[in-house]
Amino acid sequence: HTRIQTFYCMGFSGEDNENSCGPLTDSKEDLPFCTIGGDRCGTFGDHISVLGCDYMCEDFCYWPGSDAKNPTTSKKSAVTKSMWGGDVESREYKQCKNIASAEVAWESLKHAQASFFTSIVVGQIAGLLVCKTRWLSIAQQGMRNNFMLFGIGTEIVLVAWLAYCKPINDALGTRDIRLVHWFCAIPFAILIFVFDEGRKALMRATSIEKRHPTTEQVTRIPGWLEKNCAY
């Protein structure tokens, strides 16, 4: 509840009688009201029915329009232009909680989660391509596996659906990310692909192949790299 409350407040404490930032209540109805002596006598929802119960309690945040009086200065937390003043220093209300920044941080987290989820899928696609062959290069093997291509396409469509479809993205904590956020993991996917292609090329270069002159049967003598790096 506190994320959606106003963040401009009036209040007082024993140390600072001019302006004070106190805790925000869960709802406006719970805002406490006191007598001029500091005794709690009601809340925002029922203080009008109690005589003299229209003063601020110490160390609480009174938002504009709560109409509570400061018992030390008699200033009222009303919605009037004069209460805001011409500059920050003369303003009667104090900015006690930067709700705007909290909301931005909350939404930024959701966008980051969606981008991270997308990056995981991009990394999985790169891993699928490098695991397609144990020995040959992907250029030699080709991309003729239609089931694999269908799986990659389905995975991309699923990620897009989870990120852009409401209310799915609200429930899962994702957001409609920008196109550039899809490419965050591309450098790492390229690194995975280049590393594995290089590993396979070195295995082919260090393993000796012998062809029988009569039967043309090929016999390969595994090199050190193939013995230790081939799965």
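None of the values given here were measured: they were computed from a predicted structure.

Student: Would you mind going over the pattern of salt bridges in detail, with residue names and values included?
Tutor: Overall, the coordinates contain 6 salt bridges when judged by the stated rule. Salt bridges here are not isolated pairs; linked through shared partners, they connect Glu 107, Lys 166, Asp 170 and Arg 175.

Student: Describe the environment of Lys 76, with residues and values.
Tutor: In this structure, Lys 76 sits in the loop between β4 (55-56) and α1 (81-84). On the basis of relative accessible area, Lys 76 is assigned to the partly exposed category, the value being 37%.

Student: I'd love a proper account of unusual backbone geometry, names of residues and values included.
Tutor: Geometrically, the link from Lys 166 to Pro 167 is a cis peptide bond, its omega value of 0° lying close to zero. Located in the positive-phi region is Asp 59, a residue other than glycine, with phi close to 65°. With respect to the helices, strands and loops of the structure, Asp 59 is situated in the loop between β4 and α1. When its relative accessible area of 37% is taken as the criterion, Asp 59 is described as partly exposed. For Glu 216, which is not glycine, the phi torsion reads 60° and is therefore positive.

Student: So what's going on with the sheet that holds strand β3 (residues 40-43)? Which residues, and what values?
Tutor: Ordered by their spatial adjacency, 3 strands build an open sheet running β3-β2-β4, and the pairing between neighbours is antiparallel. The sheet is open, and its two edges are formed by β3 and β4, each paired on a single side. In this sheet, β4 lies alongside strand β2 (residues 32-34) in antiparallel orientation, the contact comprising 2 bridges. Paired with Phe 33 across the bridge in β4 is Met 56.

Student: Describe the environment of Tyr 62, listing the residues and the values that go with them.
Tutor: Following the sequence through the fold, Tyr 62 ends up in the loop between β4 and α1. Judged by its relative accessible area of 0%, Tyr 62 falls in the buried class. C-alpha separation for the pair Tyr 62 and Leu 31, spaced 31 residues apart in sequence, amounts to 7.8 Å. A distance of 2.5 Å separates the side chain of Tyr 62 from the backbone oxygen of Pro 32, its partner in a polar contact. A polar side-chain atom of Tyr 62 sits 2.7 Å from the main-chain amide nitrogen of Cys 57.

Student: Describe the packing of aromatic side chains, with residues and values.
Tutor: Per the stated rule, a full pass over the model turns up 2 aromatic pairs. Pairing Phe 33 with Phe 44 gives two aromatic rings, centres 6.5 Å apart and planes at 40°, and the pair type is tilted. Residue Phe 33 is found in strand β2, and its partner Phe 44 is found in the loop between β3 and β4; the two are separated by 11 residues along the sequence. The two residues Phe 33 and Phe 44 agree in class, both being buried. Consider the rings of Phe 33 and Tyr 62, whose centres lie 5.9 Å apart with planes at 85°: the pair is edge-to-face. Note that Phe 33 is positioned in strand β2 and Tyr 62 in the loop between β4 and α1, a separation of 29 residues in sequence. Of the two residues examined, Phe 33 and Tyr 62, each falls in the buried class. Taken together, Phe 33, Phe 44 and Tyr 62 form an aromatic cluster joined through their ring pairs. If you follow Lys 110 out to its NZ or CZ, it ends over the ring of Trp 106, 4.5 Å from the centre. Cation over ring: Arg 220 sits above Trp 135, and NZ or CZ is 4.0 Å from the ring centre.

What counts, and where the lines are drawn
- Residues numbered from 1 in each chain as written.
- Predicted model: local features only at pLDDT ≥ 70, side-chain atom pairs only at ≥ 80, totals over all residues.
- Heavy atoms only, no water.
- Salt bridge = Lys/Arg side-chain N within 4 Å of Asp/Glu carboxyl O.
- Helix = DSSP H or I, 4+ residues; strand = E, 2+ residues; numbered from the N terminus.
- Buried < 20%, exposed > 50% of the residue type's maximum accessible area, 1.4 Å probe, protein only.
- Pairing = 2+ DSSP bridges.
- Polar contact = N/O pair within 3.5 Å; in protein donor to acceptor, adjacent residues only side chain to side chain.
- Phe/Tyr/Trp six-rings, centres within 6.5 Å; stacked < 30°, edge-to-face > 60°.
- Lys NZ or Arg CZ within 6 Å of the ring centre and 35° of its normal.

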